[in-house]
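Single-letter residue listing:
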Amino acid sequence: AKRRRSTASSTARHTMEKVLTGVARLGMGVAGVSFIGGNCLYNVEGGHRAVMFDNIRGVLPKPISEGTGFKIPVLQTPIIMDIRSRPREIKSVTGTKDLQMVNIYLRVLSRPNEEALPKIYMTLGTNFDDRVLPSLGNEVLKSVVAQYNADQLLSMREQISQQIRSTLT
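Within strand β2 (residues 48-54), six of the seven residues are buried, which leaves the element mostly enclosed by the surrounding structure. Of the pairings in the sheet, the one linking β2 to strand β3 (residues 58-59) comprises two bridges and is antiparallel in character. By the bridge assignment, Phe-53 is partnered in β3 with Val-59. Hairpin connection, β2 to β3: the antiparallel pair is bridged by three residues.

For the rest of this paragraph, the subject is helix α2 (residues 117-124). Considered for burial, the residues of α2 that qualify are Leu-117, Pro-118 and Ile-120. Considered in projection along α2, the buried side chains sweep an arc of 165° and stay on one side of the axis. Structural note: α2 exposes Lys-119, Met-122 and Thr-123 on the side pointing more than 90 degrees away from its buried face. Of the surrounding elements, those touching the buried residues of α2 are β2, β3, β5 (76-82) and α3 (128-145). After α2 finishes, the residue Gly-125 shows a positive phi value of roughly 90°.

Looking now at the nonpolar core. Of all hydrophobic cores here, the largest spans 14 residues; its most connected members are Leu-106, Val-144, Leu-153, Ile-160 and Ile-164. Ranked by residues supplied to this core, first place goes to α3 with five residues. Setting aside chain neighbours within four positions, we find Ile-164 in contact with Leu-106, Val-140, Leu-141 and Val-144.

Read from one edge to the other, the open sheet built from three strands follows the order β3-β2-β5, with strand pairing classed as antiparallel. This sheet does not close on itself; its edge strands, each paired only once, are β3 and β5. Here β2 pairs with β5 via seven bridges, running antiparallel. Directly across from Val-51, in β5, lies its bridge partner Ile-79.

What counts and how
- Residues numbered from 1 in each chain as written.
- Predicted model: local features only at pLDDT ≥ 70, side-chain atom pairs only at ≥ 80, totals over all residues.
- Heavy atoms only, no water.
- Buried < 20%, exposed > 50% of the residue type's maximum accessible area, 1.4 Å probe, protein only.
- Helix = DSSP H or I, 4+ residues; strand = E, 2+ residues; numbered from the N terminus.
- Pairing = 2+ DSSP bridges.
- Arc of directions from axis to C-beta.
- Contact = heavy atoms within 4.5 Å.
- Core = buried A, V, L, I, M, F, W, Y, C linked by side-chain atoms within 4.5 Å.

This is the structure:
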């Protein structure tokens, strides 16, 4: 009777060990999936692109479009950049051809060239539009407005607007 009890308890112990081993393996699997999901995957939303910075190779030359992407933890970092058109208002006080001072406002819709994102990031960073548009818009406004008299600014508004647009582009 003692042998039967020890054999039965041994079998129960062996079954319990198998169950616990299975639970431990499942836990390791869940931990592995969590690690991969948390550290190896990233998401690029619609209207955005990612520029991948690699600690070994630097900024990779091709931007990554929307969707879920894979990165190597510690070695790669995705930099998410907005490529949607954004409005910006630039105001300038400038002189006309007849030496009149005018306040002029320019509303610009701009977005970066998607293929140039790696170069833009390397040279200007993620706040490229704050660094470039105000000074560029100001210079274009001053150069175009200086070609006209104050009364021409009112009467030739559409032509001047087209000239500002083409110069800015």
